[in-house]
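Here is how the chains run, residue by residue.
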Amino acid sequence: PVMVWRGLEDGPVLGITSAVHGDEINGTGAILRIVDEKPFELRRGSLIMVPVVNVLGFERHSRYSPDRRDLNRSFPGSANGSLTARLARLVFEEIVDRCDYLVDLHTAAVRRTNFPNVRADYNNPDCHRLASVFGCEVIVDGKGPEGSLRRTAVEAGCPAIVIEAGEVWKVEPSVQELTLRGITNVLGELGM
């Protein structure tokens, strides 16, 4: 499900997405902890949280959608395209288009482990700002791959960063803590 948490006052809308690749679930655990524990007070604005973007991949324990396409190379999608293209379009219209900022949570691919890092386009001042305050020791500058959620969101006017940390098929407590701390830092920077 999509979860929305509204603050007491109007303010920016921050989207937090996870499991765009269905087997990358560290972010899913972090989002569910936010929902369950409410580890901070949301004073201004709103959070739109999507713990599992690629539900069909998630159910199959797969990085890819059932049509073997990579959702994170399919944005902004198409209303009349493949299954993956249609899902990308729906996510873009219903989630990204409603956000002022976006944090997309990822992990490494199969048989790899990602040292926690933030990926952001430093040519965009808002992306640079979010990446700098998140709190990872490593920041990778770049636009991101063609068709990725981050790159397409930024091109559409929604500053976005990606967090890469940990391994597939796991919800690692250390990654959850890092993610919660980083999201709290971003919320503070945005005055939320």
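Above this note sits the structure.
The model shown is predicted, which means the values in this text are computed figures rather than measured ones.

Asks: Whenever I open this one, the nonpolar core confuses me. Can you help?
Replies: In a soluble, globular protein the nonpolar side chains are often hidden away together inside. Counting residues in each nonpolar core, the largest one holds 50 residues, and the members touching the most others are Leu14, Ile16, Leu47, Phe134 and Ile161. Sequence-distant contacts of Leu14, that is, excluding residues within four places in its chain, are made with Ser46, Leu47, Ile48, Cys99, Tyr101, Leu102, Val103, Val186, Leu187 and Met192.

Asks: I'm lost on the packing of helix 1 (residues 26–37) against helix 6 (residues 173–189) in this one. Help?
Replies: Think of two packed helices as two axes; the pair is described by the angle between the axes and how far apart they sit. Contact geometry for helix 1 and helix 6: axes closest at 9 Å, N-to-C directions at 60 degrees. As far as their axial angle goes, helix 6 and helix 1 are oblique. Considering how the two elements wind past one another, helix 1 and helix 6 form a crossing that is right-handed. Contacts between helix 1 and helix 6 involve Asn26, Gly29, Ala30, Arg33 and Ile34 on the former and, on the latter, Val175, Gln176, Glu177, Thr179, Leu180 and Ile183.

Asks: For this particular structure, what's the right way to read helix 4 (residues 125–134)?
Replies: Helical geometry note: an α-helix holds 3.6 residues per turn, so side chains three or four residues apart project in the same direction. Buried within helix 4 we find Cys127, Leu130, Ala131 and Phe134. Buried residues of helix 4 fall within an arc of 95 degrees about the axis and therefore sit on the same side. Residues of helix 4 that are buried sit in contact with strand 4 (101–106), strand 5 (114–120), strand 6 (138–141), helix 5 (149–155), strand 7 (160–166) and helix 6. A distance of 2.9 Å separates the backbone nitrogen of Asp126 from a side-chain oxygen at the start of helix 4, and that oxygen is part of Asn124.

Asks: How do you make sense of the side chain of Gln176 when you look at a structure like this?
Replies: The residue Gln176 is located in helix 6 in this model. For Gln176, a relative accessible area of 10% gives the class buried. Polar contacts involving the side chain of Gln176 include one to the side chain of Arg33, which spans 3.3 Å. Ignoring sequence-local partners within four residues, the contact set of Gln176 consists of Asn26, Gly29, Ala30, Arg33 and Val171.

Asks: Would you explain unusual backbone geometry in this entry?
Replies: For residues that are not glycine, phi is negative in most cases, and the peptide bond is trans in most cases. That bond from Phe75 to Pro76 is cis: its omega, 10 degrees, falls within 30 degrees of zero. Along the chain, the position of Pro76 falls in the loop between helix 2 (55–59) and helix 3 (83–94). Even without being glycine, Ala19 reaches a positive phi, approximately 55 degrees. With a phi close to 65 degrees, Arg111 is a non-glycine residue in the positive phi region. On the secondary structure map, Arg111 appears in the loop between strand 4 and strand 5. According to the relative accessible area criterion, Arg111 is exposed, its value standing at 81%.

Cut-off values and rules
- Residues numbered from 1 in each chain as written.
- Predicted model: local features only at pLDDT ≥ 70, side-chain atom pairs only at ≥ 80, totals over all residues.
- Heavy atoms only, no water.
- Core = buried A, V, L, I, M, F, W, Y, C linked by side-chain atoms within 4.5 Å.
- Buried < 20%, exposed > 50% of the residue type's maximum accessible area, 1.4 Å probe, protein only.
- Contact = heavy atoms within 4.5 Å.
- Axes fitted to C-alpha atoms, helices over the stretch in contact; angles between N-to-C directions.
- Helix = DSSP H or I, 4+ residues; strand = E, 2+ residues; numbered from the N terminus.
- Parallel < 35°, antiparallel > 145°, perpendicular 65-115°, else oblique.
- Left-handed = near helix turned anticlockwise from the far one by under 90°.
- Arc of directions from axis to C-beta.
- Polar contact = N/O pair within 3.5 Å; in protein donor to acceptor, adjacent residues only side chain to side chain.

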